[in-house]
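A look at the structure
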Amino acid sequence: MSRRTCAVRGLRGGAPARELLREVLVGTVAAIVRDGSRQACLIVGATTERIAHDPKAAAHVRSTTASLEDALCEVIAEAQASGELPAARDARDLARFLLVTMQGLKVMGAIDPDRPC
């Protein structure tokens, strides 16, 4: 289990799913704001370039991404089952949407970290 998966599950700690998911997104933005050295930019750039030529790196990125998606899906599905979140949308689709949103925030933060909110 990856650190991110543990972090997502660890944040749960009895907290409502909406609060947890909000904290995951706010935490992503906070990490971008704190990243004065633009390390996220380096990571995003290196990852996207390297995975095309390095099967081991590609497998690691896919595995980490899948673990985070699974953790988000689990939180959403549990919240839908308990009635905390509406079940109108598929939990897996929502987890993928949040994951893409988080990654998009990182890319946008790398492009223009000084952009006002």
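Residues numbered from 1 in each chain as written. Predicted model: local features only at pLDDT ≥ 70, side-chain atom pairs only at ≥ 80, totals over all residues. Heavy atoms only, no water.

1. Some details on the side chain of Thr-28
- Summarising the element assignment, Thr-28 is placed in helix α2 (residues 17–34).
- Exposure remark for Thr-28: the relative accessible area of 8% places this residue in the buried category.
- Within the structure, Thr-28 has its side chain in polar contact with the backbone oxygen of Val-24 (distance 2.9 Å).
- When residues no more than four places from it in sequence are discounted, the contact partners of Thr-28 are Met-102, Leu-105 and Lys-106. (Helix = DSSP H or I, 4+ residues; strand = E, 2+ residues; numbered from the N terminus. Buried < 20%, exposed > 50% of the residue type's maximum accessible area, 1.4 Å probe, protein only. Polar contact = N/O pair within 3.5 Å; in protein donor to acceptor, adjacent residues only side chain to side chain. Contact = heavy atoms within 4.5 Å.)

2. Regarding the packing of α2 against helix α4 (residues 55–82)
- Put simply, α2 and α4 touch, their axes get as near as 10 Å, and they point 155° apart. One finds that α2 runs roughly antiparallel with respect to α4. Seen along the crossing, α2 lies across α4 with a hand that is left-handed. Mapping the contact onto sequence places Ala-17, Leu-20 and Leu-21 in α2 and Leu-72, Val-75, Ile-76 and Ala-79 in α4.
- Among the residues making up the contact of α2 with α4, the classes are represented as seven nonpolar, no polar and no charged. (Axes fitted to C-alpha atoms, helices over the stretch in contact; angles between N-to-C directions. Parallel < 35°, antiparallel > 145°, perpendicular 65-115°, else oblique. Left-handed = near helix turned anticlockwise from the far one by under 90°. Nonpolar A, V, L, I, M, F, W, Y, C, P; charged D, E, K, R; others polar.)

3. Describing the environment of Arg-96
- Mapped onto the elements, Arg-96 comes out in helix α5 (residues 91–111).
- Each C-alpha atom, one on Arg-96 and one on Glu-69, is 6.2 Å from the other, the two residues being 27 residues apart in sequence.

4. Side note on α2
- Along its 18 residues, α2 runs 25 Å from first to last C-alpha, staying within 8% of the 26 Å computed at 1.5 Å per residue.
- Along α2, the positions that sit buried rather than exposed are Ala-17, Leu-20, Leu-21, Val-24, Thr-28 and Ile-32. For α2, the angular spread of buried residues about the axis comes to 120°, placing them on one side. In α2, the exposed positions angled more than 90 degrees off the buried face are occupied by Arg-18, Arg-22, Val-33 and Arg-34. (Expected span 1.5 Å × (residues − 1). Arc of directions from axis to C-beta.)

5. Some words on the side chain of Gln-80
- Relative to the assigned elements, Gln-80 resides in helix α4.
- The exposure class assigned to Gln-80 is buried, which follows from its relative accessible area of 14%.
- Contact partners of Gln-80, with chain neighbours within four places excluded, come to Leu-85, Pro-86, Ala-87, Arg-89, Ala-91 and Leu-94.

6. Side note on a nonpolar patch on the surface
- A surface patch of nonpolar side chains, about 270 Å² in accessible area, is lined by Val-107, Met-108 and Ile-111.
- Of note, Ile-111 is situated in helix α5. (Patch = residues over 30% accessible without salt bridge, like charges linked within 9 Å, V, L, I, M, F, W, Y side chains within 5 Å. Areas by Shrake-Rupley, 256 points an atom, 1.4 Å probe, with all protein chains shown as cover. Salt bridge = Lys/Arg side-chain N within 4 Å of Asp/Glu carboxyl O.)

7. Digging into the nonpolar core
- Counting residues in hydrophobic clusters, the biggest one holds 16 residues, and the most contacted among them are Leu-21, Leu-72, Ile-76 and Leu-85.
- Listing elements by their share of this core, those giving two or more residues are α2, α4 and α5.
- Considering each element in turn, this core owes the most residues, six residues, to α4. (Core = buried A, V, L, I, M, F, W, Y, C linked by side-chain atoms within 4.5 Å.)

8. So, the pattern of salt bridges
- For the coordinates displayed, the defined rule picks out four salt bridges.
- Salt-bridge contacts for Glu-69 lead to Arg-96; the nearest nitrogen and oxygen are separated by 3.0 Å. With Glu-69 in helix α4 and Arg-96 in helix α5, this pair connects stretches of sequence that are 27 residues apart.
- Take Glu-69: its relative accessible area is 13%, and that puts it in the buried class.
- For Asp-70, the salt bridge identified is with Arg-92, shortest N-O distance 2.8 Å. One end of the pair, Asp-70, is in helix α4; the other, Arg-92, is in helix α5, with 22 residues separating them in the sequence.
- Residue Asp-70 is classed as partly exposed on the basis of its relative accessible area, which comes to 37%.
- The class of Arg-92 is partly exposed, set by a relative accessible area of 26%.
- Residues participating in the shared-partner salt-bridge network are Glu-69, Asp-70, Arg-92 and Arg-96.

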